[in-house]
Amino acid sequence: MAGFSRKVGRWLAPPPAKSADGRDQWPSRTAFLLAAMGGCAGQGNLIRYPSVVYNNYGLQWFIPYLAAVFLVAIPALVLEIAIGQAYRGGTVIAFNNINRRLKGVGLSSVLVSFVVCGYFTVNLSWIMHYFRSSFQSPLPWEGRINDFYNNDVIANPDPIMGSLTNGNAAVASYVCEKLLLKPNSHNMCSARNIGLVGETVGWSAFIWFLIWFSIFRGVGMTGRVVYFTMGVPIITTLIIVGRATSLENAGAGIRLVWATWRGDQLKSGTVWQTAVGQVFFSTGIGFGYFTSYASYNAKHSNAVMDAVLICFSNVVFENVAAFAVFGIVGFLRLWPEDGVRLGAFVVGFLTLPEAVLHLPGSNFWAVLLFLTLIVLGFSSAFVLLDAATTLVMDSGLKISRPIVVTALTILSFLLCLPYCTEFGYYLLDGVDRWVNNILLIFVVWAEVVSATSVYRYLDVVDQTGVLAFATYNVGYLGAQVIGVSVAHGLNNPGAGAGAGFGFYIVISLLATFLSKAPDVKAPSFWHKNSYLARFWYLAFYSGNQLRRDLNVVVGVGKNWNIPNFLPALLRYVSGPVLAIILSFAYPEFYKLRYDPLMITGFTLTHILLAVTLAGLIIPRYYDVFIPPSRQGEGMEVTVVGQSKIDEPEVQAGQEDSIGYAVSDPEEEKSGRTWTKLWQTKS
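Small disclaimer: the values here were computed from a predicted structure and weren't measured.

### Focus on the overall build of the protein
Turning to step 1, where the next piece is worked out: Secondary structure summary: the protein contains 25 helices and 8 strands in total.
Turning to step 2, where the next piece is worked out: Taken across its 682 residues, the protein has 56% of its residues classed as buried.
Turning to step 3, where the next piece is worked out: If you sum the accessible surface of the protein, you get close to 27600 Å²; carbon and sulfur atoms cover 66% of it.

### A few points about the packing of helix α15 (residues 362–394) against helix α16 (residues 401–416)
Turning to step 1, where the next piece is worked out: Remark: α15 packs on α16, axes separated minimally by 10 Å, with the N-to-C direction vectors making an angle of 130°. Regarding the angle of α15 to α16, the classification is oblique. α16 is crossed by α15, and the crossing has right-handed handedness. Within the contact between the two elements, α15 uses Leu385, Asp386, Ala388, Thr389, Val392 and Met393 and α16 uses Arg401, Val404, Val405, Leu408, Thr409 and Ser412.
Turning to step 2, where the next piece is worked out: Residue classes in the contact of α15 with α16 are distributed as 7 nonpolar, 3 polar and 2 charged.

### Comments concerning the side chain of Asn314
Turning to step 1, where the next piece is worked out: By the element assignment, Asn314 lies in helix α13 (residues 303–332).
Turning to step 2, where the next piece is worked out: When sequence neighbours within four positions are dropped, the list of residues in contact with Asn314 reads Cys40, Ala41, Asn45, Ser282 and Thr283.

### Thoughts on a nonpolar patch on the surface
Turning to step 1, where the next piece is worked out: Judged by side-chain polarity, Leu59, Ile63, Trp258, Trp261 and Trp272 come together as a nonpolar surface patch covering roughly 500 Å² of accessible area.
Turning to step 2, where the next piece is worked out: The residue Trp261 is located in the loop between α10 (250–258) and α11 (269–283) in this model.
Turning to step 3, where the next piece is worked out: Classification of Trp261 as exposed rests on a relative accessible area of 52%.

### Here's the deal with the packing of helix α6 (residues 103–133) against helix α14 (residues 344–357)
Two numbers describe a pair of packed helices, the interaxial angle and the distance between the axes.
Turning to step 1, where the next piece is worked out: Relative orientation of the contacting elements α6 and α14 amounts to 5°, with a least axis distance of 12 Å. Classed by the angle they form, the pair α6 and α14 counts as roughly parallel. Residues Asn123, Trp126, Ile127 and Tyr130 of α6 touch α14, and the partners they reach there are Phe345, Phe349 and Pro353.
Turning to step 2, where the next piece is worked out: A breakdown of the residues in the contact of α6 with α14 according to their chemical character gives 6 nonpolar, 1 polar and no charged.

### Side note on helix α9 (residues 219–245)
Turning to step 1, where the next piece is worked out: If you check α9, its first and last C-alpha atoms are 38 Å apart, about what 27 residues at 1.5 Å a residue would give, namely 39 Å.
Turning to step 2, where the next piece is worked out: Approximately 30° is the largest bend angle found in α9, and it occurs at Val225.

### Focus on helix α19 (residues 466–490)
Turning to step 1, where the next piece is worked out: Taking 1.5 Å as the rise per residue, α19 with 25 residues should run 36 Å; its terminal C-alpha atoms sit 35 Å apart, in good agreement.
Turning to step 2, where the next piece is worked out: Maximum bend of α19: about 25°, positioned at Gly478.
Turning to step 3, where the next piece is worked out: Following α19 by one or two positions, Asn491 has its phi on the positive side, about 55°.

### Remarks on the packing of aromatic side chains
Aromatic rings in a pair are described by how distant their centres are and how their planes are angled relative to each other.
Turning to step 1, where the next piece is worked out: Summed over all chains, the structure comprises 48 aromatic pairs.
Turning to step 2, where the next piece is worked out: Between Trp434 and Phe589, the ring centres sit 5.5 Å apart and the planes meet at 85°, which makes this aromatic pair edge-to-face. Separated by 155 residues along the polypeptide, Trp434 in helix α17 (residues 424–451) and Phe589 in helix α23 (residues 585–590) bring together distant segments of the chain. With respect to class, Trp434 is no different from Phe589; both count as buried.
Turning to step 3, where the next piece is worked out: Ring pairing ties together the aromatic residues Tyr472, Tyr476, Tyr504, Phe525, Trp526, Phe535, Phe540 and Tyr572, which thus form one cluster.
Turning to step 4, where the next piece is worked out: Just above the ring of Tyr57 sits the side chain of Arg262; from NZ or CZ to the centre is 3.8 Å.
Turning to step 5, where the next piece is worked out: Over the ring of Tyr590 we find Arg593, and its NZ or CZ is 3.8 Å from the ring centre.

### What to know about the state of the cysteines
Turning to step 1, where the next piece is worked out: Overall, the coordinates contain 0 disulfides when judged by the stated rule.
Turning to step 2, where the next piece is worked out: Cysteine Cys117 is unpaired, with the sulfur of Cys416 as its nearest cysteine sulfur at 9.2 Å.
Turning to step 3, where the next piece is worked out: Residue classification places Cys117 among the buried positions, given a relative accessible area of 1%.
Turning to step 4, where the next piece is worked out: Unpaired in terms of disulfides, Cys311 finds its nearest cysteine sulfur in Cys40, a separation of 7.2 Å.
Turning to step 5, where the next piece is worked out: Judged by its relative accessible area of 1%, Cys311 is buried.

### So, the environment of Pro27
Turning to step 1, where the next piece is worked out: On the secondary structure map, Pro27 appears in the loop between β2 (24–25) and α2 (29–40).
Turning to step 2, where the next piece is worked out: Residue Pro27 is classed as exposed on the basis of its relative accessible area, which comes to 51%.
Turning to step 3, where the next piece is worked out: Separated by 11 residues in the primary sequence, Pro27 and Pro16 have C-alpha atoms spaced 7.1 Å apart.
Turning to step 4, where the next piece is worked out: In this structure Pro27 touches Val219 and Gly223, once residues within four positions along its chain are discounted.

### Notes on unusual backbone geometry
Turning to step 1, where the next piece is worked out: Cis geometry marks the peptide bond from Ser137 to Pro138, where omega comes out at 0°.
Turning to step 2, where the next piece is worked out: Among the secondary structure elements, Pro138 is positioned in the loop between α6 and α7 (145–153).
Turning to step 3, where the next piece is worked out: One non-glycine residue, Asn249, lies in the positive phi region at around 70°.
Turning to step 4, where the next piece is worked out: Secondary-structure assignment places Asn249 in the loop between α9 and α10.
Turning to step 5, where the next piece is worked out: For Asn249, a relative accessible area of 28% puts it in the partly exposed group.

Reading the values: the criteria
Residues numbered from 1 in each chain as written. Predicted model: local features only at pLDDT ≥ 70, side-chain atom pairs only at ≥ 80, totals over all residues. Heavy atoms only, no water. Helix = DSSP H or I, 4+ residues; strand = E, 2+ residues; numbered from the N terminus. Buried < 20%, exposed > 50% of the residue type's maximum accessible area, 1.4 Å probe, protein only. Areas by Shrake-Rupley, 256 points an atom, 1.4 Å probe, with all protein chains shown as cover. Axes fitted to C-alpha atoms, helices over the stretch in contact; angles between N-to-C directions. Parallel < 35°, antiparallel > 145°, perpendicular 65-115°, else oblique. Left-handed = near helix turned anticlockwise from the far one by under 90°. Contact = heavy atoms within 4.5 Å. Nonpolar A, V, L, I, M, F, W, Y, C, P; charged D, E, K, R; others polar. Patch = residues over 30% accessible without salt bridge, like charges linked within 9 Å, V, L, I, M, F, W, Y side chains within 5 Å. Salt bridge = Lys/Arg side-chain N within 4 Å of Asp/Glu carboxyl O. Expected span 1.5 Å × (residues − 1). Bend = angle between axes of the 7 residues up to and from the residue. Phe/Tyr/Trp six-rings, centres within 6.5 Å; stacked < 30°, edge-to-face > 60°. Lys NZ or Arg CZ within 6 Å of the ring centre and 35° of its normal. Disulfide = S-S within 2.5 Å.

Functional significance is not addressed by these values, which are geometric in nature.
Given below as structure tokens:
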């Protein structure tokens with residue numbers, strides 16, 4: 001009987017397979033793709049994305065949206081997956097391999113996941129309340145939809161709003177009810193209504209148990225769970241879309257998006273900012289789980305193709321799911337109005353529940369709707385905690401994975417309790433806003449900029465000199481700071497762009513003239529002139545060499561290579577775009593600084609942000625997250641233009657997969673001396 005029980009247990013929760021280097025490995029490539037897609041495909045696909053499209057309706061939306069997919073999402077996703085797979089570790093180990101001072105960048109992405117997961121499960125518990133209520137007839141929100149949400153589900157009283165003085169110069173009064181406090185005659189507050197909401201706590205505990213069960217045995221177990229967490233939402237979403245598009249007048253709602261053109265909207269910077277933000281949050285870059293999950297791939301998996309598949313599956317899913325909401329928009333005749341914007345919480349907790357009330361068999365459709373939202377949210381929740389689990393397991397601690405997952409689950413549940421209180425909704429709003437709008441964007445900005453700026457920077461210093469290297473990077477970073485500062489200060493984006501580009505051009509020219517002449521030729525066009533070669537080393541060498549080194553691992557055989565243009569795209573397009581988006585957060589906070597819970601979220605965000613910056617100054621303190629045997633990675637002595645990763649075997653006279661050639665057979669036998677052969681593809 002005991003033997004049978006063990007067999008059943010191993011079948012339900014199988015231990016993961018092992019790769020050649022001893023690391024846990026996904027049972028199949030499909031399991032990895034489904035897990036990664038599950039991190040992307042969350043509730044936001046069904047409620048946040050339609051609300052964003054509703055506020056920017058029309059075919060013109062897809063111009064900035066698809067531009068953001070190609071210019072921000074895919075390049076960053078390729079980077080995150082490739083470094084995890086190549087360096088065989090989570091975010092801290094991966095960024096330590098890029099440079100030992102970037103461990104803070106890797107750690108901060110895990111902290112983002114850990115913080116977000118804490119309140120994300122509370123949001124799931126509210127949906128569980130709706131799901132449980134969907135079995136009652138009549139539906140309990142019928143005729144009282146706002147009251148049901150505000151009083152029965154989140155159980156938060158309305159706030160007494162604070163205010164600013166004229167011109168936003170100072171705080172006139174602070175929000176009191178958001179702390180669930182009340183004002184007295186001296187404009188002070190006294191405590192009340194800070195208790196836990198019992199049902200929210202109960203559902204949160206249940207969700208944390210499911211998360212624990214899904215990941216406690218590693219990718220072997222997770223590889224089974226994802227077939228359910230991705231398969232069920234796809235089927236149920238298609239059913240909901242089919243029903244919504246068959247409703248009376250549904251076509252009119254769908255035509256808002258697919259048969260309307262509002263070209264004048266493209267002149268507004270808001271739609272471009274919104275599109276980048278949506279793609280950024282929807283894809284899930286910056287949370288660390290792509291790098292963690294990719295580290296469990298076979299070493300030579302097709303990372304670039306996987307990144308493209310994951311990103312485009314997310315694009316397809318959220319645009320198909322949007323048909324459900326727009327069919328309902330047409331059915332309920334909820335036409336967009338100038339100055340009235342639709343929020344994600346309104347879609348998920350008010351609009352969709354209102355719609356099912358009007359359908360025959362409303363209980364069935366309510367159950368199906370909230371089951372879909374639960375499973376979509378759950379697939380995102382457990383990957384967030386898995387990033388932190390990978391961090392601990394990679395550190396080399398002699399503790400089993402089930403114990404680590406159990407400890408992290410209990411800690412996370414305790415940390416989520418403040419969001420389960422009668423002021424939890426407002427605390428969630430305060431933390432979520434700034435963690436997403438500041439910390440997450442800063443983390444991805446740091447990823448794409450640092451990876452393409454400081455990787456093997458000693459090679460650049462060797463060829464150009466330290467003064468030229470420092471001067472160029474002051475110009476590159478300073479241009480972003482000056483550009484956004486001038487744009488906001490003068491309320492003139494054109495002036496900001498001019499100031500930023502002007503500063504960059506001037507400092508780049510100065511750095512080029514300060515540089516010494518390189519003694520190793522730059523590739524193709526760039527080696528025709530000494531000054532072009534100097535500029536190439538300063539501007540492109542780090543990112544290009546990272547691409548070449550990673551391609552030795554992820555681009556072998558018939559795998560897709562990381563393309564030549566991707567490093568430049570990351571550094572000179574993705575980086576500045578993210579800096580611009582980040583800059584909008586601070587003026588927004590300045591207008592909300594009368595709210596104590598907004599201040600709380602803003603403060604927490606900057607404490608976590610300091611973790612990233614501290615890693616640049618005191619990297620040795622972050623070595624605790626790296627096993628002793630791997631702490632020397634990222635500090636190898638390198639030779640300019642040569643890969644620091646083991647080269648693939650090639651025959652004498654033949655170009656290898658990264659643009660080098662073996663000089664002669666004797667040199668190959670005696671240490672494999674490589675002669676530089678820069679080709680066009682370099």
